[in-house]
Amino acid sequence: MKKIILTLLLTLGMPIVTFAQFNPGAKQISLSNADVALSNDVFALFNNPAGIAQMNWREVGVFYSPAPFGFKELANGFMAYHEPTSIGSFALGGMTYGFELYRETKILLGYSYNYQNKFFAGAAINFHNISIQNYGSDAAFYLNIGGLAYLTKTIRWGFSIHNLNRATVGNEDGQIPMVFNSGFSVDLINELALNIAAEKDIRYRPSVMVGIDYDIIEYLSLRLGFSNEPSKFSGGVGINYSLFSLDYAVFTHPDLGLTHQAGLILSFGRDGTRFEAVKKYLGIE
């Protein structure tokens, strides 16, 4: 059954396959990607670039999934780097997906501005190339934008728009999805954030996503999430020690079953947990 579904996905093309792994990061996946209003690590570049300006430290992240659902043909890898400066935060990222018959690669350059430690605006320019054996390749430039605001010390609102200029590849429209995402992140206690978001790909029905991120102790984070469209349950843990954050995620797909993900982030100059460091930097302790 899985092979039949995979064949259909690859036959139908890029948008559906890519959407299944649209945003990287084991933390984000364990929250069912409900993090648009949280977006406080280097992988925010892919989801909501506004969020990277919440960090005043350098960060580099690597995320690699060699065989999601047991299929090496779905292998994907991401990397991202964040550099804070006096005029805003810059980030550089890249992605590879697929195998010898079908390959996608993407390079992103992002920028985010912090206004009065309450309002954040960001954008990322994408160069996206798709190559299909015996059919050639094509590429496109498109723009992602995002915003994030602290409504109170404990409530954040965020939004993002992916592919704002509705770029496509090939001769058909809609080969690269245009996606709207908006949601809230609420600190129920200092160590626990509840995240709720709604996402709408213009081709499909909207999806509601919910995720909980809990720093149970300084070195260990627990996460849970679920979403509809597609129905998905997720969970994960984060091990935080010194400058290392090792994250693991597991989630279910209604047709493909269970799969595991992992990622590593190195934070240079961060003091304490991510929650603590962000709040200290923004002066909202």
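Right above here is the structure, for reference.
Residues numbered from 1 in each chain as written. Predicted model: local features only at pLDDT ≥ 70, side-chain atom pairs only at ≥ 80, totals over all residues. Heavy atoms only, no water.

Student: Just to check I follow, could you spell out the overall build of the protein chain for this structure?
Tutor: The number of helices and strands found in the protein chain is five helices and 14 strands. In terms of its C-alpha atoms, the protein chain occupies a principal-axis envelope of roughly 55 × 35 × 35 Å. Looking at the protein chain alone, contacts between residues at least 24 apart form 46% of all its contacts between residues at least 6 apart. Element-wise, carbon and sulfur atoms account for 65% of the exposed surface of the protein chain, whose accessible area totals about 13,100 Å². (Helix = DSSP H or I, 4+ residues; strand = E, 2+ residues; numbered from the N terminus. Contact = heavy atoms within 4.5 Å. Areas by Shrake-Rupley, 256 points an atom, 1.4 Å probe, with all protein chains shown as cover.)

Student: Please clarify how the packing of aromatic side chains should be interpreted in this entry.
Tutor: Aromatic rings in a pair are described by how distant their centres are and how their planes are angled relative to each other. According to the stated counting rule, one finds eleven aromatic pairs in the structure shown. Between F63 and F78, the aromatic rings sit 6.0 Å apart at their centres with planes inclined by 55°, giving tilted as the arrangement. A residue pair is termed long-range when its members are at least 10 positions apart, and F63 in strand β1 (residues 58–65) and F78 in strand β2 (residues 76–85) qualify at 15 residues. The pair F63 / F78 is uniform in exposure class, with both members buried. Taken together, a centroid distance of 6.3 Å and an interplanar angle of 80° make the contact between Y97 and Y102 edge-to-face. On the basis of relative accessibility, which here comes to 5%, the residue Y97 falls in the buried class. Through a chain of ring-to-ring contacts, three or more aromatic side chains come together here, namely F46, F63 and F78. Of note, K232 hangs over the ring of F251, and the distance from its end group to the ring centre comes to 5.1 Å. (Phe/Tyr/Trp six-rings, centres within 6.5 Å; stacked < 30°, edge-to-face > 60°. Buried < 20%, exposed > 50% of the residue type's maximum accessible area, 1.4 Å probe, protein only. Lys NZ or Arg CZ within 6 Å of the ring centre and 35° of its normal.)

Student: Just to check I follow, could you spell out the pattern of salt bridges for this structure?
Tutor: It is possible for side chains bearing opposite charge to pair when their charged atoms get close. Here the structure, examined in full by the defined rule, presents ten salt bridges. Linking R156 and D187 is a salt bridge whose minimum nitrogen-to-oxygen distance equals 2.7 Å. Here D187 lies in strand β8 (residues 179–189) and R156 lies in strand β7 (residues 155–162), a separation of 31 residues in the sequence. Judged by its relative accessible area of 3%, R156 is buried. Here R223 and D247 are joined by a salt bridge, their closest N and O atoms 2.9 Å apart. With R223 in strand β11 (residues 220–227) and D247 in strand β13 (residues 244–253), this pair connects stretches of sequence that are 24 residues apart. (Salt bridge = Lys/Arg side-chain N within 4 Å of Asp/Glu carboxyl O.)

Student: Help me understand the nonpolar core, please; the structure alone is not making it clear to me.
Tutor: The nonpolar side chains of a soluble globular protein tend to be buried, and buried together. Grouped together as the largest cluster of nonpolar side chains are 42 residues, with contacts concentrated most on F43, L45, F46, F120 and Y150. With four residues, the top contributor of residues to this core is strand β6 (residues 136–150). Among residues more than four places away in sequence, those in contact with F43 are P24, G25, Q28, G61, V62, F63, F78, A80 and I265. (Core = buried A, V, L, I, M, F, W, Y, C linked by side-chain atoms within 4.5 Å.)

Student: I tried to follow the environment of Y81 on my own but got confused; where do I start?
Tutor: In this structure, Y81 sits in strand β2. Under the relative-accessibility criterion, Y81 is labelled partly exposed at 31%. When near neighbours in sequence (up to four residues on either side) are disregarded, Y81 contacts V42, R58, E59, V60, F90, A91 and L92. A distance of 3.5 Å separates polar atoms of two side chains, one belonging to Y81 and the other to R58. Within the structure, the side chain of Y81 is placed 2.4 Å from the side chain of E83, a separation counted as a polar contact. (Polar contact = N/O pair within 3.5 Å; in protein donor to acceptor, adjacent residues only side chain to side chain.)

Student: Can you walk me through the side chain of R223 in this structure?
Tutor: A relative accessible area of 6% means that R223 is categorised as buried. There is a polar contact of 2.9 Å between the side chain of R223 and the side chain of D247. Other than its neighbours up to four places away in sequence, R223 contacts K27, S30, L31, I212, D213, G235, G236, V237, G238 and D247.

Student: How should I be thinking about unusual backbone geometry in this particular structure?
Tutor: Note on backbone geometry: most residues besides glycine have negative phi, and most peptide bonds are trans. Residue P230 follows E229 across a cis peptide bond; omega there is 0°. Within the element layout of this structure, P230 appears in the loop between β11 and β12 (232–241). With a phi close to 55°, S242 is a non-glycine residue in the positive phi region. Following the sequence through the fold, S242 ends up in the loop between β12 and β13.

All we've got here are geometric facts, nothing functional implied.
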